[in-house]
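# Observations on the model geometry
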Amino acid sequence: MAASIFTAVPRAPPVAVFKLTADFREDGDARKVNLGVGAYRTDEGQPWVLPVVKKVEQMIANDHSLNHEYLPILGLPEFRANASRIALGDNSPAIKENRIGSVQSLGGTGALRIGAEFLRRWYNGNNNTATPVYISAPSWENHNSVFVDAGFKDIRTYHYWDAAKRGLDLQGLLDDMEKAPEFSIFILHACAHNPTGTDPTPDQWKQIAAVMKRRFLFPFFDSAYQGFASGSLDKDAWAVRYFVSEGFELFCAQSFSKNFGLYNERVGNLTVVGKDTDNVQRVLSQMEKIVRTTWSNPPSQGARIVATTLSSPQLFAEWKDNVKTMADRVLLMRSELRSRLESLGTPGTWNHITEQIGMFSFTGLNPKQVEYMIKEKHIYLMASGRINMCGLTTKNLDYVAKSIHEAVTKIQ
């Protein structure tokens, strides 16, 4: 039999976070805890379908006027309009001046990819693969991959995490922006920075915006946790809205996986803010071409759920209440874990756990300590020391805190 034409294809390494989940599932130890995967869990450790989502799904099922015809290439119009509205705010000058547009995408990743493809083709010249793209150190690992796969050749990092003080390295970040070539693209986390959970304050964002404006740097926001981080939609969108108010043209990738719990529906949106209507319409015309050869048309179910919820004052209020339930549980787990570590006298400072926000916390555990946690304690977390706060429950908090204490005390 002839050899396969695919014989020379190397096996790619597994995606770390999904490999971690697979290892967790195969672990037979009763004490096991999964602090790896980026999804919300209840205090019983179960996925949560938001009550408002269940209600809207029933409404959609009972609406006999709906069908399965193709959506427009750019997506469901009422979804796109409402998604951009909650990102930019009801009183956004950009919305009032009709200089925004949007593209429904397959999750936040799809929004990033369509934006990256467009920028490579049409930003800073035609097909300029040499435009530097700056990604925070550390960042969500997919940021790097998306821009590399879109064809960008010069991916750089900017200072973000100060390991010594377990907080934001603002000076390092600003210095990197000062030194960046004009027209460089900067990927900014709108809120709940992944993986550190550390965000700039409003005053720090103002300093960042001032440098970016002076240096002609392009802001590409990734907003995956609006409402989920603080419990307030407006607070979590502050940075994006400030940049718009300062006159920036920008992209904002939005995901509704976390704040609607619609992980497998792949509901995302790319909001485009331009100088005027004409510029935005030309950008969208090119994005339409990119979508046509990528997924051609987006799916409707998740978009309808989000659009129906956001366009009804009553359902919108219910959704905000559901989101606050999730955010409050995360905040509670942060304070409970910190208090336990401090009660145990665990070496080091632990205030960063409550100062960080969102789903993730950058614990400060080193790779050897992480390995100890996984192998000896059956507690699964990323090699970077990142933990998903939703993996903590009232039942496993004591065990996790004692295990962290043990890892920090025994392993240097």
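Because the structure is a prediction, the values reported are computed rather than measured. (Residues numbered from 1 in each chain as written. Predicted model: local features only at pLDDT ≥ 70, side-chain atom pairs only at ≥ 80, totals over all residues. Heavy atoms only, no water.)

### Looking at the pairing of strand β7 (residues 185–189)
Two faces make up the sheet, and in a regular strand the side chains alternate between them. Note the threshold: Note on classification: 1.4 Å probe, protein chains only; a residue is buried when its accessible area is under 20% of the maximum for its type, exposed when over 50%, partly exposed between these limits. Only DSSP runs of H or I reaching four residues or more are called helices, and only runs of E reaching two or more are called strands; each is numbered from the N terminus. For two strands to pair, DSSP has to find at least two bridges joining them. We call a crossover right-handed when, viewed with the strands running away from us, the connection from the first strand over the helix to the second turns clockwise.
β7 sits mainly inside the fold: 5 of its 5 residues count as buried. Across the two faces of β7 the burial is the same, with Ile 185, Ile 187 and His 189 and Phe 186 and Leu 188 all buried. Inspection of the sheet shows β7 paired to strand β8 (residues 218–223) by 5 bridges, in the parallel sense. Counterpart to Ile 185 in the pairing with β8 is Phe 218. Handedness of the β7-helix α8 (residues 202–214)-β8 crossover: right-handed.

### Observations regarding the sheet that holds strand β3 (residues 133–137)
In sheet architecture, strand pairing relies on hydrogen bonds along the backbone and comes in two forms, parallel and antiparallel. The following threshold applies: What counts as an axis is a line fitted to C-alpha atoms, over the stretch in contact for a helix, and the angles between N-to-C directions run from 0 to 180 degrees. By definition, residues are in contact when any of their heavy atoms lie within 4.5 Å.
Spatial strand order, β2-β10-β9-β8-β7-β3-β4: 7 strands in an open sheet with mixed pairing. Each edge of the sheet is formed by a strand with only one pairing partner; in this case those strands are β2 (100–106) and β4 (155–159). On average, each strand axis in the sheet is inclined to that of its neighbour by 25°, with strand direction left out of account. Pairing of β8 with strand β9 (residues 250–255), which is carried by 4 bridges, proceeds in the parallel orientation. Across the sheet, residue Ser 223 finds its bridge partner in β9, namely Gln 254. Running at roughly 160° to β9, helix α5 (residues 107–122) makes contact with β2, β7, β8, β9 and β10 (267–273) of the sheet.

### What about the packing of aromatic side chains?
Given two aromatic rings, one states the distance between the centres and the angle between the planes to describe the pair. Put simply, the test is: Ring geometry is summarised as follows: Phe, Tyr and Trp rings, the Trp one being its six-membered ring, pair when their centres sit within 6.5 Å, and such pairs are stacked at plane angles under 30 degrees, edge-to-face over 60 and tilted between the two.
Following the criterion strictly, the structure yields 25 aromatic pairs and no others. On the basis of an interplanar angle of 85° and a centroid distance of 5.2 Å, the ring pair of Phe 218 and Phe 251 is categorised as edge-to-face. Highlighted residues: Phe 218 in strand β8 and Phe 251 in strand β9, separated in sequence by 33 residues. The structure contains a cluster of three or more aromatic residues connected by ring pairs, namely Phe 118, Tyr 123, Phe 147, Phe 152, Phe 218, Phe 220 and Phe 251.

### Looking at the environment of Ser 92
Within the secondary structure, Ser 92 sits in the loop between α3 (77–88) and α4 (93–96). Looking at Ser 92, the relative accessible area reads 3%, which means it is buried. Spatially, the C-alpha atom of Ser 92 lies 47 Å from that of Gln 369, the residues being 277 residues apart in sequence.

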